[in-house]
Amino acid sequence: QGEVEPTQVHKSLQRIREKNMVNFIEWGPASIQVALSRKSPYVQSLNRVSGLMMANHTSIRHLFNRTLTQYDKLMKKKAFLDNYQRHPIFGDDLSEFKDSHEILTSLTEEYKACEGPDYVHWGIDGGSSAGYAGSDATGTVRV
């Protein structure tokens, strides 16, 4: 809390990078972007300095994979499908579920691929997972 100088923030971020305290993607030059503001125009605060962090990282794919696994278990048992089939929008056609599964699978594949240094070339040949064959037990991306 209190006054923060931009140089202090820059030095802290530089220290984080130099000491390898976090793993940054190899293909992205600007890993951290910071904007400092004295006062938020939207939030009333008694403090002179406040902060907000918005982050996007590939760890979310583990949550998506867990969701897909749970979904597959439910679909195998056909659990709760009768609740949807009662509505005319679904009827006997549950293709919305299949489409959603494919989209989420594609998203997890892309998050996995972007952890590798060759992500810049991923998907260039067409489909979302073109040229990508997954990763091995160590997390190394296979192409």
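Residues numbered from 1 in each chain as written. Predicted model: local features only at pLDDT ≥ 70, side-chain atom pairs only at ≥ 80, totals over all residues. Heavy atoms only, no water.

Caption draft 1: Geometry of the packing of helix α2 (residues 60-77) against helix α4 (residues 95-113). Between α2 and α4, whose axes approach to 9 Å, the crossing angle comes to 150°. Between α2 and α4, the crossing angle belongs to the class labelled roughly antiparallel. Helix-helix and strand crossings are classified by hand; for α2 and α4 the assignment is left-handed. In this structure, α2 uses Ile60, Arg61, Phe64, Asn65, Thr67, Leu68, Tyr71 and Asp72 to contact α4, whose residues at the interface are Phe97, Lys98, His101, Leu104, Thr105, Leu107, Thr108, Tyr111 and Lys112. Residue composition of the contact of α2 with α4, by class: eight nonpolar, five polar and four charged. (Axes fitted to C-alpha atoms, helices over the stretch in contact; angles between N-to-C directions. Helix = DSSP H or I, 4+ residues; strand = E, 2+ residues; numbered from the N terminus. Parallel < 35°, antiparallel > 145°, perpendicular 65-115°, else oblique. Left-handed = near helix turned anticlockwise from the far one by under 90°. Contact = heavy atoms within 4.5 Å. Nonpolar A, V, L, I, M, F, W, Y, C, P; charged D, E, K, R; others polar.)

Caption draft 2: Broad picture of α2. Under the 1.5 Å per step criterion, the end-to-end length of α2 is 26 Å for 18 residues, consistent within 8% with the ideal 26 Å. Note on α2: the residue one or two positions beyond its end, Lys78, has a positive phi of about 55°. (Expected span 1.5 Å × (residues − 1).)

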